[in-house]
Amino acid sequence: MDKWSEQSRSIEDNTPEFAKKASERINKAKRKAKKLKLDEWDKNKFEQNKPLWQLDQISCGAGNITRIDYDSISEEEFINKYEAPSIPVVIHGCCDKWKANETWKRKALFERFGEKKFKVGEDDDGWPVRLKMKYFFQYMDRQKDDCPLYVFDHFGDDKDKADLLNDYEVPKYFKDDLFSLLGEDKRPPYRWVVIGPARSGTGIHIDPLGTSAWNAVLYGHKRWVLFPPSTAKQDVGPKPGYDRGGISWFNHKYPDTISENWNKNKPIEFIQGPGEVVFVPTGWHHVVMNLDDTIAVTQNFCSVTNFRYVWPRTVRGRPKMSKKFLEKLKEQRPELAARAATIDPNAKDDMPSDSSSDSSSSSSSSESEEEDKNNNTKQKKKK
C-alpha cells in the first residue's frame, strides 16, 4: 500500500498560486500557536536527528507493553485483568472492520474535508487555531519543524465533521461511558481526530478528571512512554527551559529514565502501529510522538471502574457539571449515585492530580467551569 501521505497528491492542488496561499495560511497559524519566530521552529534541527524519531532507527520495538487480542478477551475479563488493576495494554483486532480503514485514507479525507478547518493548536488566550485540511496536508508534506503542528480536533461537536463518527466504533471494553448520561452538549470534551507528521505529538501529561482513554491508529506509527500513577510529576516532567512538546521530552528527558542511575519508576515504552488500540488507565503519565504521517482517533471515558477517581475530581474541577451528573446518576444509575455519596471529594487517593505539562494535549489541565461557560462562545468564533 502507498504511504498515507502519497494517497491524494494526484488530486491536490500543486500550483505555485496554491503553494503561496497555503504558505501564508500555515505561517499565520504557526505565529498564533507558538511564541516562536518562523525561523525558530527548526532551531534544534530535530529533523536531522534521525535516531530520535525515525521509525527504522527506534530501538524499543515491540517494547514492554502487554498485548491482547480483541476477539479473545471478553469485557468482564478485560476489566478484571487490565482496567481494575490499572494495566496499560495494546489491543489487536479492534479496528479491522471499521469504515475508517478506507474513509480516513488521505484521498478520501481530502475529498470530504479539504475545505473544512481543523484545530491545529491554541493561541495565548486558549482560542483554537484552525487550518483548512488542504493547507495542513501541504504543511505535512513540506515541514521540517522540530515539533510540528498537528490536528487535534474535537470533531463530534461540528455538524460538518460529525460524519466521521460513522467511520469507527467504540471498542466493546469502553462503551459504558458514564459521562454520556449528561448528553453531548453537557459533557466535557472527550473525542478527537488526530492527524500529524513525524515528530508531532503531546508532551507528558495525565488525562483529565480521572478519566481513562483509548487511542486507535489507522495509519502510521506512534511512540509511547508511560509511567504509573505513583510517579511524581516532577520526576518525569520536562526540565526547566525546555520545550514541552513530545519530541523535546524524548530528546532531553527520556535518556534519564532509561539510564542505570534512574531510581524512579521504570517506564513502559512501545511503538503503536496501524490497527492497534492503546488503553491508558486512569492516572498514568504518558508522552506520545508520531514517527511518520499518522492518523488516529482517541476518546476519554468515565467507567464504573474508574468512577471512584472521576467523581471526586469532577466535584472539585467541574462543580456545576457534577451536580447535573449526580442528578442523571440518581435517575439512571442509582447504585453509582449511592456510591458517590460515600466518596469524600477532598480526600486524598492513590492517583495524581490531572494536571498537564502540555497545554496542547487532550488532557489539558485548564478544564474548568469557566471554560464550560465560554465554550459556546468559542464554538461560534471557531471559523
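None of these values were measured; they are calculated from a predicted model.

The number of helices and strands found in the chain is 13 helices and 13 strands. Accessible surface computed for the chain: about 17700 Å², of which carbon and sulfur atoms make up 47%.

Read across the sheet, four strands follow the order β7-β12-β9-β10 without closing on themselves; strand pairing throughout is antiparallel. A single partner strand is all that each edge strand has here, and the edge strands are β7 (201–205) and β10 (268–272). Averaged over all pairs of adjacent strands, the angle between their axes in this sheet comes to 15 degrees, without regard to strand direction. Of the strand pairs in this sheet, strand β9 (residues 222–227) and strand β12 (residues 285–290) are connected by six bridges, and their pairing is antiparallel. Bridging across to β12, valine 225 finds its partner in valine 287.

Attention now moves to helix α6 (residues 133–142). The element α6 is extensively covered by neighbouring structure, given that eight of its ten residues are classed as buried. Within α6 the residues assigned to the buried category are Met133, Lys134, Tyr135, Phe136, Phe137, Gln138, Tyr139 and Met140. On its buried side, α6 packs onto α1 (16–33), α5 (106–113), β3 (117–122), β4 (128–132), β5 (151–153) and β6 (191–196).

Taken together, the side chains of Lys21, Arg25, Lys28, Lys32 and Lys117 make up a positively charged region of the molecular surface. Here the element with the most residues in the positive patch is α1; it accounts for four residues. Positionally, lysine 28 belongs in helix α1.

A few words on the nonpolar core. Counting residues in each nonpolar core, the largest one holds 49 residues, and the members touching the most others are Phe78, Ile91, Trp104 and Phe136. Here this core takes six residues from α6, the largest share from any one element. Setting aside chain neighbours within four positions, we find phenylalanine 78 in contact with Ile68, Ile73, Glu83, Val89, Ile91, Tyr173, Phe174 and Phe279. With 19 residues, the next largest nonpolar core counts Ile204, Ile247, Ile271 and Met289 among its residues.

Counting buried residues in strand β13 (residues 294–301) gives eight out of eight residues, a clear majority hidden from the surface. Residues Thr294, Ala296, Thr298 and Asn300 line one face of β13 and the alternating positions Ile295, Val297, Gln299 and Phe301 line the opposite face, and both faces are buried. For β6 and β13, the ladder comprises six bridges, and the chain directions are antiparallel. Note on β13: the bridge partner recorded for isoleucine 195 is isoleucine 295.

Mapped onto the secondary structure, lysine 348 falls in the loop between α12 (334–341) and α13 (369–381). Take lysine 348: its relative accessible area is 85%, and that puts it in the exposed class. A C-alpha to C-alpha distance of 9.7 Å links lysine 348 and proline 312, two positions 36 residues apart in sequence.

Summarising the sheet, strand β1 (residues 66–69) and strand β2 (residues 89–92) pair through four bridges and their orientation is parallel. Across the sheet, residue arginine 67 finds its bridge partner in β2, namely valine 90. With helix α3 (residues 75–83) bridging β1 and its parallel neighbour β2, the resulting β-α-β unit is right-handed. Note: β2 against strand β11 (residues 276–280), four bridges, orientation antiparallel. Each bridged residue has a counterpart across the sheet, and for histidine 92 the counterpart in β11 is glutamate 276.

Let's shift gears to the pattern of salt bridges. In the structure shown here, the tally under the stated rule is 23 salt bridges. For lysine 45, the salt bridge is made with aspartate 42, and the minimal N-O distance between the two is 3.5 Å. Judged by relative accessible area, lysine 45 falls into the partly exposed class, the value being 40%. A single network of salt bridges, built from pairs that share partners, joins Arg112, Asp163 and Asp167.

Let us now look at the packing of α5 against α6. A pair of packed helices is characterised by two quantities: the angle between their axes and the separation of those axes. Interhelical geometry of α5 versus α6 gives an angle of 145 degrees and a closest axis separation of 9 Å. Judged by residue contacts, Arg106, Leu109, Phe110 and Phe113 of α5 engage Met133, Lys134, Phe137 and Asp141 from α6. Here the residues of the contact of α5 with α6 sort into five nonpolar, no polar and three charged.

Turning to the confidence of the model for the chain, a few remarks are in order. With 88% of its residues at a pLDDT of 70 or more, the chain has an overall mean of 88. Note that residues 355–383 has pLDDT below 50 and, in this model, 62 contacts with residues that lie over four places away or in other chains.

This part covers the side chain of aspartate 235. Mapping aspartate 235 onto the fold places it in helix α7 (residues 233–236). The buried charged residue aspartate 235 lacks any salt bridge partner; its closest oppositely charged side chain belongs to lysine 264, at an N-O distance of 4.1 Å.

It is worth spelling out the sheet that holds β13 at this point. Spatial strand order, β1-β2-β11-β8-β13-β6-β5: seven strands in an open sheet with mixed pairing. Two strands close off the open sheet at either side, each with one partner strand: β1 and β5. Ignoring which end each strand starts from, the neighbouring axes of this sheet average 20 degrees apart. Direction of pairing for strand β8 (residues 212–219) relative to β13: antiparallel, over a ladder of seven bridges.

Quick notes on the rules
- Per chain, residue numbering runs from 1 following the sequence as it is written.
- Per-residue local features are limited, in this predicted model, to residues with pLDDT of at least 70; the limit for side-chain atom pairs, both in listing and counting, is 80 or more; totals at the level of whole chains, interfaces and linings are taken over all residues.
- Side-chain metrics in this entry use all non-hydrogen atoms of the structure; hydrogen atoms and water are not considered.
- Where helices and strands are cited, they refer to DSSP runs of H or I of at least four residues and of E of at least two residues respectively, numbered from the N terminus.
- Per-residue and other accessible areas were derived by the Shrake-Rupley procedure at a 1.4 Å probe size, with only the shown protein chains allowed to occlude residues.
- Only when DSSP finds a minimum of two bridges between them are two strands counted as paired.
- To obtain each axis, a line is fitted to C-alpha atoms, and for helices this fit is confined to the stretch in contact; angles are then taken between N-to-C directions over 0 to 180 degrees.
- Only protein chains enter the accessibility calculation, which uses a 1.4 Å probe; a residue is then buried when its area is under 20% of its type maximum, exposed when over 50%, and partly exposed in between.
- A contact between two residues is defined here by any heavy atoms of the two lying within 4.5 Å.
- What makes a patch is a set of residues exposed beyond 30% relative accessible area and free of salt bridges, joined within 9 Å when like-charged and within 5 Å when nonpolar (Val, Leu, Ile, Met, Phe, Trp, Tyr).
- When a carboxyl oxygen of Asp or Glu is within 4 Å of a side-chain nitrogen of Lys or Arg, the pair counts as a salt bridge.
- Within this scheme the basic residues Lys and Arg register as positive and the acidic residues Asp and Glu register as negative, but His and the chain ends are omitted.
- Where a charge lies is defined by one atom per residue type, namely NZ (Lys), CZ (Arg), CG (Asp) and CD (Glu).
- To define a nonpolar core, start from buried Ala, Val, Leu, Ile, Met, Phe, Trp, Tyr and Cys residues and group those joined through side-chain atoms within 4.5 Å.
- We call a crossover right-handed when, viewed with both strands directed away from the observer, the connection leading from the first strand over the helix to the second proceeds clockwise.
- Gly falls in the polar group here, along with every residue not listed as nonpolar (Ala, Val, Leu, Ile, Met, Phe, Trp, Tyr, Cys, Pro) or charged (Asp, Glu, Lys, Arg).
- The predictor attaches a confidence to each residue, and that confidence, scored 0 to 100, is pLDDT.

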